[in-house]
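Residue-level listing of the chains:
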Amino acid sequence: MNNTRLQSMNPSKIVFYAALLGIFTLIHLLYQGIVRPTAEAAIALQGAGATTNIWVILKDFEQQICLSLGIFCLFLIAYKSFRILNEEIVYTFNHLHNLRDDDGQDLDKMLAELQQSKYKDNEGLQTWINCILRYKNTGNVQHASDAIKATVEGLSAQLEAGNNMIRYCIWAIPSIGFVGTVRGIGMALAKAEEAVAGDISGMVDKLGVAFNSTLVSLLISLVLMFFLHLLNNQQDLLVIKTQKSCENNLLTHLHK
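Residues numbered from 1 in each chain as written. Predicted model: local features only at pLDDT ≥ 70, side-chain atom pairs only at ≥ 80, totals over all residues. Heavy atoms only, no water.

> Even after reading the chapter, I still don't get the overall build of the protein, so can you show me in this structure?
Tallying secondary structure elements over the protein gives 10 helices and 0 strands in all. Going residue by residue from the N terminus, the α and β elements of the protein occur as α-α-α-α-α-α-α-α-α-α. Per-residue burial for the protein yields a buried fraction of 43% across its 256 residues. A separation of at least 24 residues holds for 76% of the contacts in the protein among residues at least 6 apart in sequence. (Helix = DSSP H or I, 4+ residues; strand = E, 2+ residues; numbered from the N terminus. Buried < 20%, exposed > 50% of the residue type's maximum accessible area, 1.4 Å probe, protein only. Contact = heavy atoms within 4.5 Å.)

> Help me understand the packing of aromatic side chains, please; the structure alone is not making it clear to me.
Here the distance between the centres and the angle between the planes together describe a pair of aromatic rings. Scanning all chains against the criterion turns up 6 aromatic pairs. Centroid distance Phe16 to Phe72: 5.1 Å. Interplanar angle 80°. Geometry classified as edge-to-face. Taken together, the residues span a long stretch of sequence, with Phe16 in helix α2 (residues 13–46) and Phe72 in helix α4 (residues 61–92) at a distance of 56 residues. The pair formed by Phe16 and Phe72 is uniform in burial state, with each residue classed as buried. A centroid spacing of 5.4 Å and a plane angle of 75° characterise the contact between Phe226 and Phe227, whose relative ring orientation is edge-to-face. Residue Phe227 is classed as partly exposed on the basis of its relative accessible area of 33%. Chaining the aromatic ring pairs together yields one cluster made of Phe16, Tyr17, Phe72, Phe75 and Tyr79. The ring of Phe61 has Arg36 lying over it, and the distance from NZ or CZ to the ring centre is 4.2 Å. (Phe/Tyr/Trp six-rings, centres within 6.5 Å; stacked < 30°, edge-to-face > 60°. Lys NZ or Arg CZ within 6 Å of the ring centre and 35° of its normal.)

> For this particular structure, what's the right way to read the side chain of Glu62?
Relative to the assigned elements, Glu62 resides in helix α4. Residue classification places Glu62 among the buried positions, given a relative accessible area of 8%. A distance of 2.7 Å separates polar atoms of two side chains, one belonging to Glu62 and the other to Arg183. Among all residues touching Glu62, those that are not within four sequence positions of it are Ile176, Gly180, Arg183 and Ser213. (Polar contact = N/O pair within 3.5 Å; in protein donor to acceptor, adjacent residues only side chain to side chain.)

> What's the story with the environment of Leu74 in this structure? I'm lost.
Structurally, Leu74 can be placed in helix α4. Spatially, the C-alpha atom of Leu74 lies 8.8 Å from that of Leu228, the residues being 154 residues apart in sequence. Here Leu74 is in contact with Leu224 and Phe227, once residues within four sequence places are set aside.

> I'm lost on the pattern of salt bridges in this one. Help?
Opposite charge on two side chains makes pairing possible when the charged atoms of those side chains draw close. Applying the stated criterion across every chain yields a total of 3 salt bridges. Between Asp60 and Lys59 there is a salt bridge, and its shortest N-O distance comes to 3.1 Å. For Lys59, a relative accessible area of 13% puts it in the buried group. Ionic pairing is found between Glu160 and Arg167, a salt bridge with its closest N-O pair at 3.0 Å. The exposure class of Glu160 is partly exposed, given its relative accessible area of 40%. (Salt bridge = Lys/Arg side-chain N within 4 Å of Asp/Glu carboxyl O.)

> Which parts of the structure should I look at to understand a nonpolar patch on the surface?
A contiguous nonpolar patch, built from Leu26, Leu30, Ile34, Ile54 and Trp55 and spanning about 440 Å² of accessible area, is present on the exposed surface. Considering every element that reaches the nonpolar patch, the biggest residue donor is α2, with 3 residues. Structurally, the position occupied by Ile34 is in helix α2. A relative accessible area of 41% places Ile34 in the partly exposed class. (Patch = residues over 30% accessible without salt bridge, like charges linked within 9 Å, V, L, I, M, F, W, Y side chains within 5 Å. Areas by Shrake-Rupley, 256 points an atom, 1.4 Å probe, with all protein chains shown as cover.)

> Before we go on, may I ask you to explain the environment of Cys131 in this structure?
Positionally, Cys131 belongs in helix α6 (residues 123–138). Distance in space between the C-alpha atoms of Cys131 and Val141 is 8.9 Å, their sequence separation being 10 residues.

> Explanation requested: the side chain of Gln235 in the structure shown.
Relative to the assigned elements, Gln235 resides in helix α10 (residues 201–255). Here Asn163 takes part through its side chain, which lies 2.9 Å from a polar atom of the side chain of Gln235. In this structure, Gln235 is in contact with Ile84, Leu159 and Asn163, ignoring residues within four places of it in sequence.

> How should I be thinking about the confidence of the model for the protein in this particular structure?
Counting all residues, the mean pLDDT for the protein is 79, and 76% of those residues have values of 70 or more. Here helix α1 (residues 3–8) stands out as the least confident element of the protein, with mean pLDDT 46; α2 is the most confident, with 92. Contacts of residues 1–7 to residues separated by more than four positions or lying in other chains number 21 contacts, the stretch itself having pLDDT below 50. Across residues 100–104 the pLDDT falls below 50, and counting only partners more than four positions away or on other chains, this stretch makes 8 contacts in the model. (pLDDT = per-residue confidence, 0-100.)

The structure is reproduced here in structure tokens:
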């Protein structure tokens with residue numbers, strides 16, 4: 001298991017770009033093969049009455065981009081959630097359970113064991129290492145406690161910064177929807193003369209672009225915000241468990 005991946009809990013660049021390209025390609029193929037042909041058939045059959053058809057609502061490029069970004073965000077959220085669940089034990093178990101000896105505080109033995117661990121680059125284990133190093137250098141439990149606090153705050157900031165791409169996409173999706181709204185209204189105005197002459201089908205179709213892009217983008221954003229909230233909750237609990245684990249196990253050991 002890659003220790004750098006344990007530390008960041010973000011997909012590697014290869015996985016990141018492969019997922020992005022794969023999702024956009026798959027959605028494009030679905031649109032070309034299913035969504036747009038079905039929407040065109042519905043419009044040809046029902047005319048203006050097809051505006052409520054789900055395929056017609058989804059058929060435009062703005063909706064395609066929003067849907068692709070939405071699925072990519074869900075991939076990132078699912079990846080992070082899986083890593084948290086899979087690695088939670090690294091942050092919560094008692095790393096010193098087999099290091100309690102008669103002397104009570106064999107710091108060199110503790111450090112050697114922790115620094116040789118395959119999880120040594122993990123932020124949870126780094127909290128333990130930093131705490132023991134501070135205590136070894138100062139002989140002060142309060143200084144060790146301060147080291148725990150500083151490292152846990154760093155972990156919290158790292159997890160929060162790792163969500164920047166998700167937050168950007170959640171911001172970008174409604175913006176893309178509004179671009180579709182402006183584009184649709186502009187094309188609808190270009191059909192004004194046809195509407196005055198009695199043919200409103202062109203204007204209705206272009207207004208559909210305007211309203212449907214906003215509708216789809218806002219719905220996708222609402223769903224993504226819900227799942228981002230769940231992810232943030234997982235990350236907050238992880239930070240809390242990390243701090244409690246250090247205080248209940250490590251500081252108790254150093255007090256002996």
